[in-house]
Amino acid sequence: MMVAKKFLDNFDEIVNNENKDVLIEFYAPWCGHCKNLEPKYKELGEKLSKDPNIVIAKMDATRWEN
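Note that this is a predicted model, so its numbers are computed, not measured.

Scoring rules and cut-offs
Residues numbered from 1 in each chain as written. Predicted model: local features only at pLDDT ≥ 70, side-chain atom pairs only at ≥ 80, totals over all residues. Heavy atoms only, no water. Phe/Tyr/Trp six-rings, centres within 6.5 Å; stacked < 30°, edge-to-face > 60°. Lys NZ or Arg CZ within 6 Å of the ring centre and 35° of its normal. Pairing = 2+ DSSP bridges. Helix = DSSP H or I, 4+ residues; strand = E, 2+ residues; numbered from the N terminus. Right-handed = clockwise from strand over helix to strand, strands pointing away. Disulfide = S-S within 2.5 Å. Buried < 20%, exposed > 50% of the residue type's maximum accessible area, 1.4 Å probe, protein only. Polar contact = N/O pair within 3.5 Å; in protein donor to acceptor, adjacent residues only side chain to side chain.

*Asks:* How should the packing of aromatic side chains be read in this particular structure?
*Replies:* The geometry of an aromatic ring pair is captured by the separation of the ring centres together with the interplanar angle, meaning the angle of the planes. Tallied over the full model, the rule gives zero aromatic pairs. Stacked on the ring of Y27, the Lys or Arg K58 has its end atom at 4.5 Å from the ring centre.

Structure, rendered in structure tokens:
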């Protein structure tokens, strides 16, 4: 999975790249549904990490709410 700082620095470039498939989880650390999804999301990121055309990322949406 992409590291938040690296991802934010290149957000537009990554998201708008027509040659990549991008899945972003915008999560809240306190959210029960987000916590339940975490192991599966991490597993997905690990399984697809070797494919250079797929980006699996997550972003703490509460850090950017203002």
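*Asks:* Would you mind going over the pairing of strand 1 (residues 21–27) with me for this structure?
*Replies:* Side chains on a regular strand alternate between the two faces of the sheet. The pairing of strand 1 with strand 2 (residues 54–60) spans seven bridges and is classified as parallel. Directly across from Y27, in strand 2, lies its bridge partner D60. Remark: the strand 1/helix 3 (residues 32–48)/strand 2 crossover connection has right-handed handedness.

*Asks:* Which parts of the structure should I look at to understand the state of the cysteines?
*Replies:* In a disulfide, the sulfur atoms of two cysteines are covalently bonded to one another. Taken as a whole, this structure holds zero disulfides when the rule is applied. Looking at C34, it has no disulfide partner, and the nearest cysteine sulfur is the one in C31, 3.3 Å off. According to the relative accessible area criterion, C34 is buried, its value standing at 16%.

*Asks:* Would you take a moment to explain the side chain of K58 for this structure?
*Replies:* Note on placement: K58 falls in strand 2. Separated by 2.4 Å, the side chains of K58 and E38 make a polar contact.

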